[in-house]
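Residue-level structural notes
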Amino acid sequence: MKEWISLNEKWRFHLGDIQVEESKLKPAMYIEAKAERKRCGPAARNYMDEQEYWNETGLISHETWLFVDVPHDYIIGQEPKQENNNTLGFFKYQNAWYRKHFELPKEDEGKRICLYFEGVAVHCKVYVNGCYMLTNNCGYNSFEVDITDVADFGHDNVVALWIDTSEHEGWWYEGAGIYRPVWLIKSEPVSVDMYGVFVHPEKKENDLWALPVDTTLRNDAYAEKIARVVSVARDEQGNAVCQMEEEIAIPPRETATLRQVGEVTDPALWDIEAPHLYTLETTVYSDGEMVEKQENRFGFRTIRFDCKEGFFLNDRRVKIQGVCCHQDYGLTGKAVPERIQRYRLELLKEMGANGYRCAHYPHHAYTMDMLDELGFLTMAETRWYQSTPEGMEQLEMLIKRDRNHPCVILWSAGNEEPLHLTPAGRRIAQAMLFRARQLDGTRPVTTAVSHDPANATVADLIDVMGVNYNLTHFDRLHEKYPQVPLLSSECAATSTTRGWYQADCPERGYIYGYDRDTNKSFLAREKTWQYFMERPWIAGGYQWAGIEHRGETVWPRLCSQAGAIDLYLNKKDAFYQNKSHWTKEPMVHLLPHWNWPGMEGEEIRVSCYTNCERVELYLNGEKIGEQEVAAFSHAEWQVKYAPGKLEARGYRAGKLCCTDVQETTGAPVKLRLKLERDHVKADGRDIAIITCDCVDQEGRHVPTASPFVSFFVNEKGKILGTGSDVCDHVPVTCPDRKMRAGLISLAVRAGMEKGRLLVRAEADGLQSTVLAIELE
């Protein structure tokens, strides 16, 4: 039976290159020109990589090897420096080594043994037992390494990775290290190939669906094998709704694909509000024995992009209310814990987003699972726009890995490529689109064009025209290519700093907190969404960005400010503006805060984001005014400041249905801690996401509080990081943090023991607080 064994624990890590002097004699050059080419240096099998300074031989090493668990990003703990590249987050990128020892029992001999890396940044070379195995030149794709022939059964084996950060793949924070999980896979000679099950339901007449299943099997034996494949589709309750069984002959050392087709009547459909998922259970038999059993989730749904009416899901028109997101998290960098990623997506769903663009590369496998579960319309993207063998392999990995996910509605071959305007770019697109359609003929393919879209050479090739920004080009494109559906693949990159309501302050790094145009291409969120809603033939858009990401910035700021959620997962005013555009439940949101000492009598710009028809504004019980609010718009006043209570009241059909209040507070007197997600598990991996704020004497949140806070935990957890100010250069791993705009975020990893995890916050002049979390 196939086994997937986690190799995430106790990797040995060395920061920096280790110089190995080249020998001037023949014997060393001779022996290292053989299969086991590394007999010295950190790639060698018997290299001294002890954490201590000596090993059992008594030899002493002056190198620093540390034990780390993966996922691991070794860049994020640095102090940012202005001398380093701004788009990479002002961090110094260094090369490094990882080594992992593992044993393979004698009884594994005869099995296929592989290592599976879900993600390593930036580039890496892989060695096993001193033998060179593979170079991976993309920090975003997953890759498999077959180590069967070099494995040493019954003894210690060593995998060594050299991390190369000398080249970069993006204009954003890239991080470095083994930042996704690693697996040891043991399989029988006959097994399902990696990403080898493809389930692609097809709607027939009425409620009848065909259920084609393509299963690619591999035979690593040196003789032909017969495999029997049993495929059972199960609903969410585990009931079998379809079963198929068939045999196939697999030539020696080859693969073979078996096509099975079943039928399902009246399945529960996958949708953005009710994302029903089914499971295909695949069981493989060979030589009378069960050799593999695996499960793959899928969904029943139809998708269609129409050049006149936009996007249809299950024959219902749906406007894509999407966001683009990078994969890093402010407190842990590129190594994003699973629980953090779910929280990120839940926040986006709460905001009203129904779409997610994996910018600009394949995202984590568990992210794709969550996008299925939460009902996001996903644009999945390969990293490199290139038709080289390597580029095609990366495209193949993306599509094969993710084509069972019902959330994926669109493949993207590239982003903002200058070659989109050239004959070379057209030829690349032709090759990539042809291969994408070979791998999956059930979804359209796009590429995101930003350079003069109306004159792009790829416009008539792609199934859906993805346009980044450039709103003035949409009408021209629709007229020039009336047969091509149009989508805004990226839009509305309006930068704002959470809680900053004064003029831009480049010296401090803060940007005005109100919606506005950045330039002619980067229009305000409100204007952009109104533009899309006025044109039913635009399928919708993916806003830049859902969440702030490190890099793409200017000193002293450490991140892009275009997100609706900040770097540390606090909601910005843009979150509520999107909610007013994308949700139906009545809501109003007032900005700014109402703590402006010394500004008495001066006019303050007051905005109200709402989906109500009419809004009234009151200050200290006195009506300031009222405004009718058009769809996808907002209300706004200039209000002379006076301390007290500012209140907005939203009305529909003449009835009061919601309110929001900004109130002048007193000075902060006490710290407060809030757990942002319940049910923290004592599994050594779960994360407590905690927000720290200050309250005044009456218990009100103080939005301008700025104390210096120290955090402590008991033995039940470990502080991973703290963050508040996007211009704070203290490393995120520090447990002490200066608060800005009334909030600090804290991530604590739970330990392995049940009990009470205690988190304590202290600050001079304020009452301390303790949060008790019961670990399950």
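Residues numbered from 1 in each chain as written. Predicted model: local features only at pLDDT ≥ 70, side-chain atom pairs only at ≥ 80, totals over all residues. Heavy atoms only, no water.

This part takes up the overall build of the protein. From N to C terminus, the protein includes 8 helices and 46 strands. For the protein, whose C-alpha radius of gyration is 28 Å, the value lies close to the compact-globule estimate of 28 Å for 776 residues. Each principal axis of the C-alpha distribution contributes one length, and for the protein these read about 85 × 70 × 55 Å. Looking at the protein as a whole, 60% of its 776 residues qualify as buried. Sequence-distant contacts, at least 24 apart, represent 69% of the contacts inside the protein between residues at least 6 apart. If you sum the accessible surface of the protein, you get close to 31600 Å²; carbon and sulfur atoms cover 48% of it. Taking the 90 positively charged and 116 negatively charged side chains of the protein as two groups, their mean positions are separated by 2 Å. (Helix = DSSP H or I, 4+ residues; strand = E, 2+ residues; numbered from the N terminus. Rg over C-alpha atoms; globule rule 2.2 N^0.38 Å. Buried < 20%, exposed > 50% of the residue type's maximum accessible area, 1.4 Å probe, protein only. Contact = heavy atoms within 4.5 Å. Areas by Shrake-Rupley, 256 points an atom, 1.4 Å probe, with all protein chains shown as cover. Lys, Arg positive; Asp, Glu negative; His and termini not counted. Charge placed at Lys NZ, Arg CZ, Asp CG, Glu CD.)

Moving on, we get to unusual backbone geometry. Omega for the peptide link from Ala-359 to His-360 comes to -15 degrees, which places this bond in the cis form. Mapped onto the secondary structure, His-360 falls in the loop between β25 (355-358) and α3 (365-374). With an omega of -5 degrees, the peptide bond between Trp-544 and Ala-545 qualifies as cis. Relative to the assigned elements, Ala-545 resides in the loop between β31 (538-544) and α8 (573-582). In this structure, Asn-314 takes a positive phi of about 55 degrees despite not being glycine. Relative to the assigned elements, Asn-314 resides in the loop between β22 (310-313) and β23 (316-317). Overall, Asn-314 belongs to the buried group, its relative accessible area being 15%.

Counting across every chain of the model gives 34 aromatic pairs. Aromatic pair Trp-4 and Trp-183: ring centres 5.9 Å apart, planes at 70 degrees, arrangement edge-to-face. Here Trp-4 is found in strand β1 (residues 3-6), whereas its partner Trp-183 is found in strand β12 (residues 182-187), with 179 residues between them in sequence. The interplanar angle of 65 degrees and the centroid separation of 5.4 Å between the aromatic rings of Phe-298 and Phe-300 together place this pair among those described as edge-to-face. Each of the two residues, Phe-298 as well as Phe-300, counts as buried. Members of the aromatic cluster, connected to one another through ring pairs, are Phe-474, Trp-529, Tyr-531, Phe-532 and Trp-582. In this structure, Lys-10 is placed above the aromatic ring of Phe-67, and the distance from its NZ or CZ to the ring centre is 4.5 Å. Above the ring of Trp-384, the side-chain terminus of Arg-383 is found at 4.6 Å from the ring centroid. (Phe/Tyr/Trp six-rings, centres within 6.5 Å; stacked < 30°, edge-to-face > 60°. Lys NZ or Arg CZ within 6 Å of the ring centre and 35° of its normal.)

Time to look at the sheet that holds strand β44 (residues 744-750). The 4 strands are arranged β39-β40-β44-β42 in an open sheet whose pairing can be described as antiparallel. Each end of this open sheet is capped by a strand with a single partner; those strands are β39 (670-675) and β42 (717-723). Adjacent strand axes in the sheet meet at a mean angle of 25 degrees, parallel and antiparallel pairs treated alike. Where β42 meets β44, 6 bridges bridge the pair, whose relative direction is antiparallel. Its bridge partner lying in β44, Gly-717 is registered against Ala-750. (Pairing = 2+ DSSP bridges. Axes fitted to C-alpha atoms, helices over the stretch in contact; angles between N-to-C directions.)

These values are about where atoms sit, not about what they do.
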